[in-house]
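Coordinates in review
The lines below spell out each chain.
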Amino acid sequence: MYTTAFLDLPPLRSAAGSVRLPGSKSISNRVLLLAGLSAGRTRVHDLLDSDDTRVMIEALRQLGCGIEHEGRALVVTGLGGRLVTRQAQLFLGNAGTAMRPLVAALAVLSGLQGGRFELSGVPRMHERPIGDLVDALRGLGCQIDYLGQDGYPPLRLAGGTPRVDAPIRVRGDVSSQFLTALLMAAPMLSSQSPVRIEVVGELISKPYIEITLRLLERFGIHVQRDGWQAFTVPAGSAYRSPGDIHVEADASSASYFVALGAIASDATAPLRIEGVGADSIQGDIRFVDAAQAMGAVVRSGPNWLEVHRGAWPLRALDLDCNHIPDAAMTLAVMALYADGPTTLRNIASWRVKETDRIAAMATELRKLGAEVVEGADFITVHPLREVRAAAIHTYDDHRVAMCFSLAAFHGLVAGLEPQPLRILDPRCVAKTFPDYFETLFAVARAATADIPVLTIDGPTASGKGTLAAEVARALGYHLLDSGALYRATALAALEAGVDADDEAGLAALAAGLPLRFEPDHVWLAARDVSDDLRREDVGAMASRISAFPAVREALRQRQLDFRRLPGLVADGRDMGTVIFPDATLKVFLTASAETRADRRHKQLISKGISANLATLLQDLQARDARDRSRSTAPLKPAEDAQLLDNSALTIEASVAQVLEWWAQRRPF
Ligand SMILES: Nc1ncnc2c1ncn2[C@@H]1O[C@H](COP(=O)(O)OP(=O)(O)OP(=O)(O)O)[C@@H](O)[C@H]1O
Ligand SMILES: Nc1ccn([C@H]2C[C@H](O)[C@@H](COP(=O)(O)O)O2)c(=O)n1
């Protein structure tokens, strides 16, 4: 997951391959609560692991449910309708799918059995309306107090005397989650008589109610319905665990990859989406129809989709999106690539989601250069005619971040000069799809020249590796420690007894090295050689053999292969001069030989390795001389390098300086 302050996407050009999507948030949180209310153990498979499910799991744990991991499944031991904890303060983040159903379930349980529960969330959660649900529960006889502003969380549920001698009435036109919450609480009120729930006003987001009804069935509750107007839970209904239950992949998350296929995949290599397909119970699977109307070619099986581009530009749409409110945000970005203005209607619920999504989408699409018209319950997006490099604000809204990544394909529009795109606070995708960007980068392609590279070259112990790792972390970029390739060749040569002067033998060894890089670890075949690579004898041997042109050539392509989305920070001796001469920023890092020897001395001592400062200084100077004087790729600053002497700088100050130079070269 990217936890950086921003993530820069270079212009993207195509997409191919296969993605497996995380579990559906809507299904995951419903299943968790139903399992928590049932008697016995429910083994939940393919559960979404995200911010929203974590707050639900934590709430269930606080309420006394058993929560255990069994392999990749989560086993929930439910309460069986009996409260074991009568008091709790539950923090539910920004998870509407946790807040609304828990309010209803705990209001009813505390009314029937006594108890006092306080439910709160992040500041935005305290701006998301819940008054209609509270009114319905108070109408039943539950005691609920607002702890902040009337009509909004936080709330206190403090008992009461719930009765069901009259139908429960709830508004359906603000959020369908209110009806879902009451449907899930109703079985606990049905011991004596049936519970009838009547919807006031036009019910929105009906497919989400469909999911609720289907899952209630799986847990033994057979709701009788009168269209979308009234729902009756029969007398004597009780939750029964299904034992095992599988969560299907998230259809809303699939929308980004369906759109990706429609925009950037061709028929010879369609984009394949695993985990959700034609048999999905999620309403957002209907996004596929909208994408097809815009030109996507889609094939599907029970739990897979394959998508490629049909029409280009895409065809503009005028669509009532009430049935796909979440996935419809993806259409707003697809509209940038259409042959005319696209209007998405009946989306008033966007205004009370994680953020005011109509305002957010309009503001950010305009930043890119699009013409946008917004109304109380619609948005019209005109295709891009010009484009600007833009830093997209994401409003702590996962869907804003994910759908705007698709704007990075604007270079596919005839006549547009591709621009980089910045996604601010990419971590917000953790709400439903923590690995969204990693998944995107696994299938999206950019021109190699468009993938940004930052190089840091310099002599030994100047701090290149430390600086490169910190800068890569701040930017969310890949890291290449090119010295490790030479060191690994040296280690393999020392161990295999290859002579330090045998250029051909060393080159053959380098070409065939079974090397694998992991964060902070280097593997040579099945062995973790990270510590061995740092040995002084290995470093000295690496310096010797790196003078051979054939060795350098054998390692060249491996280094180029590190240039992958979203970008690369590479450290070594010739990163800026030879391997990545087109790097966006080249830094040449130095420090006095005494400073470097002192740093290396401290580094070795801290690892428990004895070392002599004078000898280290001598070795280091000899290595500098060899690296500088060799004829192939000698250690020297590139002509366009920024020089940084960090003898008197802290690591933090060096990192800040490099990031400042980087920012100066970016168009944001
Ligand atoms: N600006 C700095 N101030 C103080 N110490 C630093 C600074 N930069 C790095 N160091 C320390 O110096 C030591 C050597 O740094 P590092 O291993 O990053 O150097 P390097 O140039 O990558 O070395 P090599 O070329 O041998 O791989 C480390 O212990 C590191 O913490
Ligand atoms: N791009 C590079 C990286 C390293 N080398 C050589 C020269 C060094 O003495 C040796 C070990 O590198 P270090 O881990 O100390 O950075 O490898 C090179 O020639 N070119």
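Predicted model only: the values in this text are computed from it and were never measured.

1. A short note on the packing of aromatic side chains
Inspection of every chain in the model, using the stated rule, returns 11 aromatic pairs. Relative to Tyr337, the ring of Trp312 has its centre 5.7 Å away and its plane inclined at 35°; by these criteria the two rings are tilted. Of this pair, Trp312 sits in the loop between strand S18 (304-308) and strand S19 (318-320) while Tyr337 sits in the loop between helix H9 (328-334) and strand S20 (342-345), placing them 25 residues apart in sequence. Note on Trp312: relative accessible area 26%, which makes it partly exposed. Seen in terms of ring centroids, Tyr477 and Trp662 are 6.0 Å apart; in terms of plane orientation they differ by 85°. Their pairing is edge-to-face. With Tyr477 in the loop between helix H13 (464-475) and strand S27 (478-481) and Trp662 in helix H22 (residues 651-665), this residue pair connects regions lying 185 residues apart in the sequence.

2. So, the pairing of strand S7 (residues 87-91)
The two faces of S7 differ: Ala88 and Leu90 on one face are buried, but Gln87, Gln89 and Phe91 on the other face are not. In this structure, S7 lies alongside strand S8 (residues 116-120), joined through five bridges in parallel fashion. Within S8, the residue paired with Phe91 across the bridge is Ser120. The β-α-β motif built from S7, the intervening helix H3 (residues 96-113) and the parallel element S8 has right-handed crossover chirality.

3. Examining the domain arrangement of the protein
By the assigned domains, the protein splits into domain 1 (6-22 + 249-447), domain 2 (25-246) and domain 3 (451-664). Averaged C-alpha coordinates put domain 2 and domain 3 at centres separated by 56 Å.

4. What about the side chain of Arg100?
Along the chain, Arg100 falls in helix H3. For Arg100, the side chain forms a polar contact with the side chain of Gln177, separated by 2.4 Å. Apart from residues lying up to four places away in sequence, Arg100 is in contact with Arg128, Pro129, Ile130, Leu133, Ser175, Gln177, Phe178 and Ala181.

Conventions and cut-offs
- Residues numbered from 1 in each chain as written.
- Chains lettered and ligands numbered in written order.
- Predicted model: local features only at pLDDT ≥ 70, side-chain atom pairs only at ≥ 80, totals over all residues.
- Heavy atoms only, no water.
- Phe/Tyr/Trp six-rings, centres within 6.5 Å; stacked < 30°, edge-to-face > 60°.
- Helix = DSSP H or I, 4+ residues; strand = E, 2+ residues; numbered from the N terminus.
- Buried < 20%, exposed > 50% of the residue type's maximum accessible area, 1.4 Å probe, protein only.
- Pairing = 2+ DSSP bridges.
- Right-handed = clockwise from strand over helix to strand, strands pointing away.
- Domains from an automatic or database assignment.
- Polar contact = N/O pair within 3.5 Å; in protein donor to acceptor, adjacent residues only side chain to side chain.
- Contact = heavy atoms within 4.5 Å.

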